[in-house]
Amino acid sequence: MKTKGYGFFITEPNAYKALECNICGAECLVERNLPAKSGFISAMARMDKPRDEFSCPNLEKEWHQQAIQLVIEIEKTPSKRLAQLMQQDLEDLLHENNIH
């Protein structure tokens, strides 16, 4: 599952040469100059605005999805202690999958 901003990024064409996954640090795969509908009216008029998509090569792996959920929960929690515990879980998960 792709969650924009978590190992999956949409950018303006050629805005970046390369991006690293903000979850596991892997170099993202890139598809350049993809057509996109930028809104309802543009879609109705069949006007496409090109974009680049970057996605982590680990995006579909179960451990990567777990890591994304941990990052989201770390960002949401108001508790510093819970955030620290979840951060340790995240680090353990990444280490278990040879991500350093």
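For the structure, check the block above.
Cut-offs applied
Residues numbered from 1 in each chain as written. Predicted model: local features only at pLDDT ≥ 70, side-chain atom pairs only at ≥ 80, totals over all residues. Heavy atoms only, no water. Helix = DSSP H or I, 4+ residues; strand = E, 2+ residues; numbered from the N terminus. Polar contact = N/O pair within 3.5 Å; in protein donor to acceptor, adjacent residues only side chain to side chain. Core = buried A, V, L, I, M, F, W, Y, C linked by side-chain atoms within 4.5 Å. Buried < 20%, exposed > 50% of the residue type's maximum accessible area, 1.4 Å probe, protein only. Contact = heavy atoms within 4.5 Å. Patch = residues over 30% accessible without salt bridge, like charges linked within 9 Å, V, L, I, M, F, W, Y side chains within 5 Å. Areas by Shrake-Rupley, 256 points an atom, 1.4 Å probe, with all protein chains shown as cover. Salt bridge = Lys/Arg side-chain N within 4 Å of Asp/Glu carboxyl O. Lys, Arg positive; Asp, Glu negative; His and termini not counted. Charge placed at Lys NZ, Arg CZ, Asp CG, Glu CD. Pairing = 2+ DSSP bridges.

Q: Just to check I follow, could you spell out the side chain of Gln65 for this structure?
A: Secondary-structure assignment places Gln65 in helix H2 (residues 62–76). Polar side-chain contacts of Gln65 include one of 2.6 Å to the backbone oxygen of Leu59.

Q: What is the right way to read the nonpolar core from this model?
A: One broad trend across soluble globular proteins is that nonpolar side chains are buried collectively. Counting 24 residues, the largest nonpolar core has Ile23, Cys24 and Leu90 as the members making the most contacts within it. When contributions to this core are tallied by element, the ones reaching two or more residues are strand S1 (8–11), H2 and helix H3 (80–96). Ranked by the residues each element gives to this core, the list is headed by H2, at 7 residues. Look past the residues within four positions of Cys24 in its chain and what remains in contact with it is Cys56, Asn58, Trp63, His64, Leu94 and Ile99.

Q: Can you help me understand a negative patch on the surface in this one?
A: Among the surface-exposed residues, Asp89, Glu91, Asp92 and Glu96 lie close enough to one another that they form a single negatively charged patch. Its place among the elements puts Glu91 in helix H3.

Q: What is the right way to read unusual backbone geometry from this model?
A: Of note, the phi angle at Asn14 is positive, near 60°, even though the residue is not glycine. One can find Asn14 in the loop between S1 and strand S2 (29–34). Phi is positive for Asn33, which is not a glycine, with a value near 55°. Structurally, Asn33 can be placed in strand S2. Overall, the relative accessible area of 44% leaves Asn33 in the partly exposed class.

Q: Just checking my understanding: could you explain the pairing of strand S3 (residues 51–55) for this structure?
A: Within a regular beta strand, the side chains point alternately toward one face of the sheet and then the other, so they alternate between its two faces. The buried fraction of S3 is high, at 5 of 5 residues. Burial of the side chains of S3 extends over both faces: Arg51, Glu53 and Ser55 are buried on one face and Asp52 and Phe54 on the other. Here S1 pairs with S3 via 4 bridges, running antiparallel. Paired with Thr11 across the strands is Asp52, a residue of S3. Pairing geometry for S2 and S3, over 4 bridges, is antiparallel. Counted as the bridge partner of Glu31 is Glu53 from S3.

Q: Hey, could you run me through the pattern of salt bridges in this one?
A: Oppositely charged side chains are able to pair whenever their charged atoms sit close together. Enumeration over the complete set of coordinates arrives at 4 salt bridges. In this structure, Lys49 and Glu12 form a salt bridge, with 3.5 Å as the shortest nitrogen-oxygen distance. Taken together, the residues Lys49 in the loop between helix H1 (40–44) and S3 and Glu12 in the loop between S1 and S2 connect sequence positions 37 residues apart. By relative accessible area, which is 41% here, Lys49 ends up partly exposed. Given the relative accessible area of 45%, Glu12 is considered partly exposed. Linking Arg51 and Glu53 is a salt bridge whose minimum nitrogen-to-oxygen distance equals 2.6 Å. Each member of the pair, Arg51 together with Glu53, is buried.

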